[in-house]
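What follows is each chain in one-letter form.
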Amino acid sequence: MDKGERVTGWRIWIPLLLAAVLGGYFLGQRGPAAPAGLPNPGKAAPPIGVATAFPEKRSVEDSIHALGSLRAAESVLVSPEISGRVVHIHFEEGQRVEAGAPLFDLDASELRAALEKSRAQELLDRLSFERVENLSKRNLASPQQYDETHARWLVSRAAASQDDTRLAKTRLIAPFAG
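Residues numbered from 1 in each chain as written. Predicted model: local features only at pLDDT ≥ 70, side-chain atom pairs only at ≥ 80, totals over all residues. Heavy atoms only, no water.

I tried to follow helix α3 (residues 143-168) on my own but got confused; where do I start?
In an α-helix, one turn spans 3.6 residues, which is why side chains three or four residues apart end up on the same side. Along its 26 residues, α3 runs 38 Å from first to last C-alpha, staying within 8% of the 38 Å computed at 1.5 Å per residue. All of the buried residues along α3 are Thr149, Trp153, Ser156, Ala160, Asp163 and Leu167. Turning to α3, the residues buried within the fold contact α2 (109-137). (Helix = DSSP H or I, 4+ residues; strand = E, 2+ residues; numbered from the N terminus. Expected span 1.5 Å × (residues − 1). Buried < 20%, exposed > 50% of the residue type's maximum accessible area, 1.4 Å probe, protein only. Contact = heavy atoms within 4.5 Å.)

What exactly am I supposed to notice about α2 here?
Under the 1.5 Å per step criterion, the end-to-end length of α2 is 42 Å for 29 residues, consistent within 8% with the ideal 42 Å. Burial in α2 covers these residues: Leu111, Leu115, Ser118, Asp125, Phe129 and Val132. Residues of α2 that are buried make contact with α3. Remark: Asn139 follows α2 within two positions and exhibits a positive phi of approximately 60 degrees.

Can you help me understand the pairing of strand β2 (residues 102-106) in this one?
A regular strand places its side chains on the two faces of the sheet in alternate fashion. The sheet contact formed by strand β1 (residues 86-89) and β2 spans three bridges and is antiparallel. Following the sheet pairing, Val86 is matched in β2 by Leu106. Strand direction decides the pairing type here: β2 and strand β3 (residues 171-173), joined by three bridges, are antiparallel. Bridge pairing in β3 links Asp105 to Arg171. (Pairing = 2+ DSSP bridges.)

It is not clear to me how the packing of aromatic side chains should be interpreted in this structure. Could you clarify?
How two aromatic rings sit relative to each other is set out by the distance from centre to centre and by the angle between their planes. If you walk through the whole model with that rule in mind, you get three aromatic pairs. Centre to centre, the rings of Phe91 and Phe104 are 5.6 Å apart; their planes meet at 75 degrees, and the pair counts as edge-to-face. Note that Phe91 is positioned in the loop between β1 and β2 and Phe104 in strand β2, a separation of 13 residues in sequence. Relative accessible area serves as the criterion here: at 26%, Phe91 is assigned to the partly exposed category. Ring pairs connect the aromatic residues Phe129, Tyr146 and Trp153, which therefore count as one cluster. (Phe/Tyr/Trp six-rings, centres within 6.5 Å; stacked < 30°, edge-to-face > 60°.)

Explanation requested: the sheet that holds β2 in the structure shown.
Whenever strands of a sheet pair, they do so through backbone hydrogen bonds, lying parallel or antiparallel. Pairing in this open sheet of three strands is antiparallel, and the strands run β1-β2-β3 from one edge to the other. For this open sheet the edge positions go to β1 and β3, each flanked by a neighbour on one side alone. In this sheet, adjacent strand axes meet at a mean angle of 20 degrees when their direction is disregarded. (Axes fitted to C-alpha atoms, helices over the stretch in contact; angles between N-to-C directions.)

Shown next, in the form of structure tokens:
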């Protein structure tokens, strides 16, 4: 590089440097611009009011008002296996009941009558079978007669058991304590 080229480079840099220094000086005279909506930082801000108070002892209410729903840890749908009219409720609303305690009684008058009828029929069929059994031991009754009376007695015994089960279903029992 020769001397002429170096001088030309300085000729470009000196005016640029001089323009940057003068521009910074003139911009600094105006001060920084305040953001929109805020007071000018050059001016003093108005004082902020402060209120003071002495501490005092007060009671605090410890409650929460909220809406929600509860779900039981255990639940069961209590419904009878047979239809009927409720004649007695064994508890008061909100009362605690133990497991196995009676809850409701349904009208059982018709079922009691049906049970009495089936027990009477069972007794009649058992006595008839016992007579035929005695006659059969002496060869005075046919095997068919023996089988028929025995079957009738078994059928009437099953009917009495079925009526007894229906009657037991007229009382609803608590499946668990609650």
